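What follows is the residue order along each chain.
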Amino acid sequence: MKIFYSSLQKKHVIKKEVYNGKAHSYNDKVSRIDSILKAFKIAGNYEIVVPDILPYDALLSVHDEDYLKFLESAQNLKNDEIICPYVFPCDNRISRHEPFIPKRAGYYCFDAGTSLMNHTWSAAVASASAAYSAAMHTKKTGEATYALCRPPGHHASKNMFGGYCYLNNTAIAAKYLVRSGNVMIIDFDFHHGNGTQSIFYDSSDIFYLSIHAHPKIEYPYFTGFEDEIGIDDGVNYNLNIPLMPLCSPKEYFIALQKGIKKAFKIMDPDYIILSAGFDIEAGDPIGHFNMSIDDFYILGKELKLLNKPTIILQEGGYLVAELGKNVESFLNGFQS
Ligand SMILES: [Zn+2]
């Protein structure tokens, strides 16, 4: 299987985040990438491809131009400067008070856990490029591809960053693929993909199915409820399946199959994009489901049975020591 990844993605290095009001080590560590690459190297049957930088229009197909310009301006930060937004204009954004870094960095941000530094933009663009190249390859050949997207993307909306996400890699790939067919996104990250949901909430050519921890208990708290079904043309094209933390793998698989069955009644997609979050593993520092390495193999196998051209995009997964093995187990199941 072809793996899309660029070393530029390693240049985004943040040490700390604010979690429950306290300084905490940043969960989206560079070592996540090393863990995954190491597992691929040991397995020996993966080809790493460095993606070309995606066209700017691909970014504009999802994100507002002023938001992109803002993220790009973080390149002007000094080498050791990290900006962690902490003031957010939640209501009535007033245009005469333009956003700028560092003081109004919260203008386009929705949490205090996601920082900016001078390489954030280039790393995020490289991550989105990996997703875009994977989508191009799958469209051209029909082969399944995996993009090692880091920073992840599913929390980023058209004009907001947060949850370690800046550019919505999944949405960018979906916008590219939808030009030649319907797309179903299956998001199995522990956390609801609030950004992806918001981008496609009124769309009937891109279906968003998410199975995640219940937002009444877990991040992102404000979205991911069952009654969020889409609006306008998108009614019934958004399906959220919230599960209680610590649910068993058996419960998880039953819920997933139920969701897939329901989604396929509404849409028979030409392409599937998997927003693949491995923070559903037992022991993840910020995820609280109970999946094992063997469960990831089964998950890969079950999703392969849908028998569609599939793009697998890395989202969360923060138990660094196990992450690579889990990703490889999943891909192994998918290719079995
Ligand atoms: Zn997550």
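Residues numbered from 1 in each chain as written. Predicted model: local features only at pLDDT ≥ 70, side-chain atom pairs only at ≥ 80, totals over all residues. Heavy atoms only, no water.

Draft legend 1. Fine view of the pattern of salt bridges. Across all of its chains, the model carries 6 salt bridges by this definition. Ionic pairing is found between E47 and K2, a salt bridge with its closest N-O pair at 3.2 Å. One end of the pair, E47, is in strand β4 (residues 47–49); the other, K2, is in strand β1 (residues 2–4), and 45 residues separate them in sequence. By relative accessible area, which is 43% here, E47 ends up partly exposed. (Salt bridge = Lys/Arg side-chain N within 4 Å of Asp/Glu carboxyl O. Helix = DSSP H or I, 4+ residues; strand = E, 2+ residues; numbered from the N terminus. Buried < 20%, exposed > 50% of the residue type's maximum accessible area, 1.4 Å probe, protein only.)

Draft legend 2. Highlighting the packing of helix α7 (residues 249–266) against helix α8 (residues 293–304). Contact geometry of α7 with α8 gives a least axis separation of 12 Å together with a crossing angle of 15°. Classed by the angle they form, the pair α7 and α8 counts as roughly parallel. Between α7 and α8 lies a crossing of right-handed hand. Contact with α7, carried on its side by P249, Y252, F253, L256, Q257 and I260, involves D295, I298, L299, E302 and L303 of α8 and no other residues of that element. Here the residues of the contact of α7 with α8 are counted per class, giving 8 nonpolar, 1 polar and 2 charged. (Axes fitted to C-alpha atoms, helices over the stretch in contact; angles between N-to-C directions. Parallel < 35°, antiparallel > 145°, perpendicular 65-115°, else oblique. Left-handed = near helix turned anticlockwise from the far one by under 90°. Contact = heavy atoms within 4.5 Å. Nonpolar A, V, L, I, M, F, W, Y, C, P; charged D, E, K, R; others polar.)

Draft legend 3. Molecular detail of the pairing of strand β8 (residues 238–243). For β8, the buried fraction is high: 6 of the 6 residues fall into the buried class. Here β8 shows two buried faces, one formed by N238, N240 and P242 and the other by L239, I241 and L243. Strand direction decides the pairing type here: strand β7 (residues 206–213) and β8, joined by 6 bridges, are parallel. Bridge assignment links Y208 to a residue of β8, and that residue is N238. (Pairing = 2+ DSSP bridges.)

Draft legend 4. Spatial organisation of the pairing of strand β9 (residues 271–276). Burial of β9 is extensive: 6 of the 6 residues sit out of reach of the surface. A two-sided burial pattern is seen for β9, the buried positions comprising Y271, I273 and S275 on one face and I272, L274 and A276 on the other. Strand direction decides the pairing type here: strand β6 (residues 183–187) and β9, joined by 5 bridges, are parallel. Among the inter-strand pairings, I186 is bridged to a residue of β9, identified as L274. Here β9 runs beside strand β10 (residues 310–314); their pairing, made up of 5 bridges, is parallel. Paired with A276 across the strands is Q314, a residue of β10.

Draft legend 5. Structural context of the nonpolar core. Within the largest apolar cluster, 55 residues are counted, with the highest numbers of intra-cluster contacts made by L59, L71, L116, F161, L167, I172 and I273. Elements supplying a minimum of two residues to this core: α2 (56–60), α3 (65–73), α4 (120–141), α5 (169–177), β6, β7, β9 and β10. Membership of the second largest hydrophobic core comes to 46 residues, among which are Y5, I186, Y237 and A276. (Core = buried A, V, L, I, M, F, W, Y, C linked by side-chain atoms within 4.5 Å.)

Draft legend 6. How the structure looks around the environment of L60. Note on placement: L60 falls in helix α2. Residues L60 and K158 lie 98 residues apart in sequence; the distance between their C-alpha atoms is 9.0 Å. Setting aside its immediate chain neighbours within four residues, L60 contacts E65 and L68.

Draft legend 7. Seen up close, the state of the cysteines. Enumeration according to the criterion identifies 0 disulfides in this entry. With no disulfide of its own, C84 has C109 as its nearest cysteine by sulfur position, at a separation of 7.7 Å. (Disulfide = S-S within 2.5 Å.)

Draft legend 8. Representation of the sheet that holds β8 within the structure. With respect to topology, 8 strands assemble into an open sheet ordered β4-β1-β5-β10-β9-β6-β7-β8, the strand pairing being parallel. Both outer strands of the open sheet, β4 and β8, are each paired with one neighbouring strand and no more. Between one strand axis and the next, the sheet turns through 20° on average, direction left out of account. Here 5 bridges tie β6 to β7, and the two strands are oriented parallel to one another. Pairing of I185 across the sheet is with Y208, part of β7. Each of β1, β5 (145–147), β9 and β10 touches helix α9 (residues 320–335); the most contacted strand, β10, lies at about 175° to it.

Draft legend 9. Layout of the environment of Y46. One can find Y46 in the loop between α1 (31–43) and β4. Considered as a pair, Y46 and Y146 are 100 residues apart in the sequence and their alpha carbons are 9.9 Å apart. Other than its neighbours up to four places away in sequence, Y46 contacts M1, I3, F40, E328, L331, N332 and Q335. Here E328 takes part through its side chain, which lies 2.9 Å from a polar atom of the side chain of Y46. Polar contacts involving the side chain of Y46 include one to the side chain of Q335, which spans 3.3 Å. (Polar contact = N/O pair within 3.5 Å; in protein donor to acceptor, adjacent residues only side chain to side chain.)

Remember that the coordinates give geometry; whether it matters functionally is a separate question.
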